[in-house]
Amino acid sequence: MLKTVHAAALAAAALGCVLVAGHAYAHVTLEQPQAVAGSTYKAVIRVPHGCEGSPTIRLRVQIPDGMTNVKPMPKAGWELSTVRGKLATPVAGDHGAQITEGVREVIWSGGRLLDEHYDEFVLRGALPNKPGETIYFPAVSECERGVDRWIEIPAAGKSPGDYRYPAPSLRLTPRN
Amino acid sequence: MSGRSKRCLGHAAILAIAAWFWASAALAHAVLLGTSPADGTALAQSPPRIVFAFNETVVPADVRIVDANGTLHAGPTGAEVKDGTVTLTLASPLPPGQYVAAYRVASADTHPIAGAIRFSVGETAPDISATVENVDNAERWTALSVIVRFVRDAGLCVGIGGAFFVLLVAPASTALAPIRLALAAAALASLAGAIVAGARLTAPTSLLSLSFWQTTLSLSAAAAAAAILLGILTSWMGLRKASKPLAVVGLVLAALGTALTGHAATGGLDARLAQTAHSLAAFAWLGALIPLLYLAQTGPASAAEIAARRFSALALALVPVALAGSIVLVVARVPLELAGSAYGVLALAKTVLLGGLLAIAAQNRWRLVPKLAADAAARTHFVRNMRIDIVLAAALLAVTAQLSHTPPPSHGALHAHGPAAGISVALMREGHQLTLAIDGPNFDLYLARPDLAAFDPLETVLEISQPALGIEALKLPLQRLEPGHYRANASGIAARGRWQLRIEALVTDFKKIVFETEIELGSASR
């Protein structure tokens with residue numbers, strides 16, 4: 001009996017190890033990979049390294065279609081800017097107004113994230129009310145030498161893990 | 001719970017936490033930082049070893065050196081690793097030649113990563129001359145292919161035009177034997193065309209080689225030959241049994257066959273239909289000139305005039321169809337970049353010849369045909385005109401045969417080289433088109449936007465892999481030749497076998513399109 005428990009615990013630990021290892025933390029990812037559709041979401045974009053030995057000096061993140069009211073969090077050592085533009089699909093705002101324009105891209109620049117270091121970049125905004133869908137935050141990490149583009153969006157039937165440079169993804173869950 | 005089982009769960013918890021930390025610490029993929037020799041280096045002498053430097057410790061799974069024939073010179077085992085530096089020592093020096101050094105390693109997170117570099121050893125001159133020789137060889141095949149194409153078209157022209165003449169213009173007065181002869185020649189030439197296309201790709205040492213026939217049968221030229229052959233047999237039977245519908249179906253099928261290979265074959269359905277209509281109308285018009293001349297020379301004057309009138313009226317319908325077909329095929333798709341290219345010169349020559357034919361046709365129709373029966377001088381003039389017409393028509397077919405083997409400028413996505421110019425593959429992703437043409441050591445990429453304009457991505461990457469040779473993700477540098485047209489030189493890479501190709505085209509900073517395909521290369525052309 002005890003042996004069985006021990007073995008099961010070991011197996012669980014091993015499984016946990018495999019599951020954790022299976023996660024590709026080397027990729028640029030979101031700290032919270034799922035959130036309630038239509039809620040306000042704090043996106044913590046985790047950048048685990050620079051590009052192939054070279055430090056990241058600029059990070060550009062594209063805001064997914066349907067996400068509104070986007071506010072990036074300023075970050076010490078980095079200059080913050082946004083690119084505003086027309087939304088691909090207008091969104092119903094408060095009081096019946098249509099939102100047709102908003103932040104399309106957030107750019108942190110001027111910092112220096114060494115390849116051997118890790119950093120987080122934060123923004124928040126209102127998620128589209130589309131439970132069940134997955135939305136993507138394509139991110140471009142510009143380095144002193146080279147560029148890493150975390151922009152691959154999985155084709156039907158594939159997962160971000162099947163790609164070398166998957167875009168950070170967020171699954172929208174139904175409201176409880 | 002007993003103390004022992006508590007201890008056991010405790011162990012498991014510690015193990016799980018340890019595993020978590022271990023996994024978290026080691027979750028970055030390894031990245032190749034550099035190699036020695038560097039990618040693309042020409043070395044005077046064989047290097048003593050190949051070194052791959054990674055940013056972290058890796059476990060080498062397969063590190064090897066293969067030459068341009070795919071022969072293994074070092075590895076796949078025996079690589080040593082120290083602090084992320086993987087070294088493969090050569091037991092004996094590499095003979096002069098071109099090599100691919102390929103690696104497949106597991107990074108600490110067990111994620112496999114693979115890649116390859118190229119380098120050459122010794123004088124590169126022999127390799128270059130070998131390449132040139134291969135190109136010459138390819139050009140010889142191209143010349144043969146052009147001739148075969150001309151024979152095919154001339155045969156179809158005389159056959160279809162003759163049958164058209166028999167069926168619609170002058171049923172009683174035309175001999176069937178020359179028509180059959182022409183159709184037979186066309187059938188043989190289309191078969192020869194498929195064989196030449198296959199031979200050009202595989203350079204078989206014997207016609208009994210299995211790979212040669214496999215390649216040949218997989219080409220569009222083989223499908224075209226089959227359609228033309230079937231069409232010709234059908235029309236032959238139709239003529240024999242005096243069954244007009246059967247003959248017409250056969251001729252249409254044969255014309256359809258001409259749309260299954262060549263430039264039109266890489267276009268959409270519209271291009272194929274346009275090519276079919278163009279072939280049918282142009283062949284019927286030009287091919288009928290011969291029996292008409294024969295009739296004008298030997299037949300009774302009145303019969304000649306009646307036939308000429310009928311032909312002239314039908315030509316008024318055929319010429320616009322042929323022209324409309326060529327407009328859909330060429331003019332609408334390659335509007336601006338014709339000037340200066342070989343394709344443009346040939347297209348211009350074709351237009352001039354066509355202009356000559358139309359001018360003579362107009363003179364015949366409005367001046368000579370009305371007087372044919374009564375005026376002997378008009379008849380002499382008419383016969384002379386018809387002879388010039390036939391010479392012009394033959395020249396037109398010759399130019400067309402050459403044109404069909406000349407890559408159109410830009411817009412390659414729709415006008416890729418037919419198989420006669422090497423291998424070509426057309427791919428479409430998210431409305432964007434990529435045509436890949438492989439000829440000798442050159443990999444040509446033609447990219448087009450959804451509106452068919454030339455497409456220049458912000459960044460274009462071509463990677464090729466052949467797992468069977470142990471080569472994965474070998475990046476070939478691309479050179480931009482003209483808008484939308486990129487070329488990679490694949491010399492030094494084994495020509496044989498099944499290669500996987502991956503082309504990444506960056507549309508915007510945040511969006512890229514990935515084209516993936518597999519191609520089977522024969523032993524020739526590299």
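Residues numbered from 1 in each chain as written. Chains lettered and ligands numbered in written order. Predicted model: local features only at pLDDT ≥ 70, side-chain atom pairs only at ≥ 80, totals over all residues.

Caption draft 1: Fine view of the overall build of chain A. If you tally the helices and strands in chain A, you get one helix and 12 strands. Start at the N end of chain A and walk to the C end: the helices and strands fall as α-β-β-β-β-β-β-β-β-β-β-β-β. Taken across its 176 residues, chain A has 32% of its residues classed as buried. Long-range contacts, defined here as pairs at least 24 residues apart, represent 69% of the contacts in chain A between residues at least 6 apart. (Helix = DSSP H or I, 4+ residues; strand = E, 2+ residues; numbered from the N terminus. Buried ≥ 20, exposed ≤ 12 C-beta atoms within 10 Å, placed from the backbone. Contact = placed C-beta atoms within 7 Å.)

Caption draft 2: Quick peek at the overall build of chain B. Within chain B, the regular secondary structure consists of 11 helices and 18 strands. Split into buried and exposed, the 526 residues of chain B put 46% on the buried side. Intrachain contacts of chain B at a sequence separation of at least 6 include 68% that bridge at least 24 residues.

Caption draft 3: The arrangement of the nonpolar core in detail. Residues and elements named next belong to chain B. Core analysis: the largest hydrophobic core is formed by 84 residues, its most contacted members being Ile160, Phe283, Ala284, Trp285, Ala288 and Leu292. Apart from the residues within four sequence positions on either side, Leu292 is in contact with Phe165, Ala307, Ala308, Phe311 and Met386. Membership of the second largest hydrophobic core comes to 49 residues, among which are Ile65, Leu474, Ile493 and Phe515. (Core = buried A, V, L, I, M, F, W, Y, C linked by C-beta atoms within 7 Å.)

Caption draft 4: The pairing of strand β8 (residues 97–106) of chain B, seen in detail. Residues and elements named next belong to chain B. By the criterion of burial, β8 is predominantly enclosed, with nine of the 10 residues buried. In this structure, strand β4 (residues 59–67) lies alongside β8, joined through eight bridges in antiparallel fashion. Bridging from a neighbouring strand, Asp62 pairs with Arg104 of β8. (Pairing = 2+ DSSP bridges.)

Caption draft 5: Seen up close, the sheet that holds strand β10 (residues 139–143) of chain A. Residue and element names in this part refer to chain A. Ordered in space as β6-β7-β4-β10-β11, the five strands form an open sheet in which the pairing is antiparallel. Both outer strands of the open sheet, β6 (79–92) and β11 (147–150), are each paired with one neighbouring strand and no more. Strand-to-strand twist in this sheet, taken as the mean axis angle between neighbours without regard to direction, amounts to 15 degrees. Here four bridges tie β10 to β11, and the two strands are oriented antiparallel to one another. Considered in β11, the bridge of Val140 is made with Arg149. (Axes fitted to C-alpha atoms, helices over the stretch in contact; angles between N-to-C directions.)

Caption draft 6: Quick peek at helix α5 (residues 220–240) of chain B. Under the 1.5 Å per step criterion, the end-to-end length of α5(B) is 30 Å for 21 residues, consistent within 8% with the ideal 30 Å. Following α5(B) by one or two positions, Ala242(B) has its phi on the positive side, about 55 degrees. (Expected span 1.5 Å × (residues − 1).)

Caption draft 7: Summary view of the sheet that holds strand β6 (residues 80–82) of chain B. Residues and elements named next belong to chain B. Pairing within the open sheet is antiparallel, and its four strands lie in the order β1-β3-β7-β6. Strand pairing shows two members of the sheet lacking a second neighbour, β1 (32–36) and β6, which therefore form its edges. Within this sheet the neighbouring strands show an average axis-to-axis angle of 15 degrees, counted without direction. The sheet contact formed by β1 and strand β3 (residues 49–54) spans four bridges and is antiparallel. Note that in β3 the partner of Ser36 across the bridge is Val51.

Caption draft 8: Looking closely at the confidence of the model for chain A. All names here are of chain A. On average, residues of chain A score 84 in pLDDT, and 85% of them reach the 70 mark or higher. The secondary-structure element of chain A with the lowest mean pLDDT is helix α1 (residues 2–22), recorded at 48, while strand β4 (residues 56–62) shows the highest, at 95. This stretch, residues 13–24, has a pLDDT under 50; its non-local contacts, to residues over four places away or in other chains, come to 15 contacts. (pLDDT = per-residue confidence, 0-100.)

Caption draft 9: Region of the structure containing unusual backbone geometry. All names here are of chain B. Following Ser36, the chain continues to Pro37 via a peptide bond in cis, the omega torsion being -5 degrees. Along the chain, the position of Pro37 falls in the loop between β1 and β2 (41–43). If you check the backbone angles, Glu430 has positive phi at about 50 degrees while not being a glycine. As for its placement among the helices and strands, Glu430 is situated in the loop between β10 (423–429) and β11 (432–439). According to the C-beta neighbour criterion, Glu430 is exposed, with 9 such atoms within 10 Å. Despite not being glycine, Ala473 has its phi angle at roughly 50 degrees, a positive value. Tracing the backbone shows Ala473 in strand β14 (residues 471–476). Here Ala473 falls in the partly exposed class, since 17 other C-beta atoms lie within 10 Å of it.

Caption draft 10: Representation of the packing of helix α6 (residues 244–258) of chain B against helix α7 (residues 269–287) of chain B. All names here are of chain B. One can describe the packing of α6 onto α7 by two numbers: an axis separation of 8 Å at closest approach and a directional angle of 120 degrees. Judged by the angle between their axes, α6 and α7 are oblique. Once α6 is placed against α7, the crossing between them reads as right-handed. Contacts from Leu251, Val252, Ala255, Leu256 and Thr258 of α6 reach α7 at Gln275, Thr276, Ser279, Leu280 and Phe283. Taken together, the residues of the contact of α6 with α7 sort by class into six nonpolar, four polar and no charged. (Parallel < 35°, antiparallel > 145°, perpendicular 65-115°, else oblique. Left-handed = near helix turned anticlockwise from the far one by under 90°. Nonpolar A, V, L, I, M, F, W, Y, C, P; charged D, E, K, R; others polar.)

Caption draft 11: Broad picture of the environment of Gly70(B). Residues and elements named next belong to chain B. By the secondary structure assignment, Gly70 is in the loop between β4 and β5 (72–74). By the C-beta count within 10 Å, which is 17 here, Gly70 ends up partly exposed. C-alpha separation for the pair Gly70 and Gly492, spaced 422 residues apart in sequence, amounts to 9.5 Å.

Caption draft 12: Quick peek at the environment of Leu469(B). Looking at where Leu469(B) falls in the secondary structure, it is placed in the loop between β13 (460–466) and β14. Take Leu469(B): there are 22 C-beta atoms within 10 Å of it, and that puts it in the buried class.

Caption draft 13: Up close: the packing of helix α10 (residues 342–368) of chain B against helix α11 (residues 376–403) of chain B. All names here are of chain B. In the contact formed by α10 and α11, the axes pass within 9 Å of each other and the chain directions differ by 160 degrees. Overall, the two elements α10 and α11 adopt an arrangement that is roughly antiparallel. α10 and α11 meet at a crossing whose hand is left-handed. The class makeup of the residues in the contact of α10 with α11 is 18 nonpolar, seven polar and two charged.

Caption draft 14: Local environment of the confidence of the model for chain B. Residue and element names in this part refer to chain B. Per-chain confidence: chain B averages 77 in pLDDT, with 78% of residues scoring 70 or above. When the elements of chain B are averaged for pLDDT, helix α1 (residues 3–25) gives the smallest value, 51, and β13 the largest, 88. Under a pLDDT of 50 for its full length, residues 18–28 has, in the predicted model, 18 contacts with residues more than four places off or in other chains. Predicted complex, confidence summary: ipTM 0.76, pTM 0.48.

Caption draft 15: The arrangement of the environment of Phe137(A) in detail. All names here are of chain A. You can see Phe137 is positioned in the loop between β9 (134–136) and β10. Considering only alpha carbons, one finds Phe137 and Val28, 109 residues apart in sequence, at a separation of 9.8 Å. Among all residues touching Phe137, those that are not within four sequence positions of it are Leu30, Ala43, Ile45, Val61, Gln62, Pro64, Ala167, Pro168 and Leu170.

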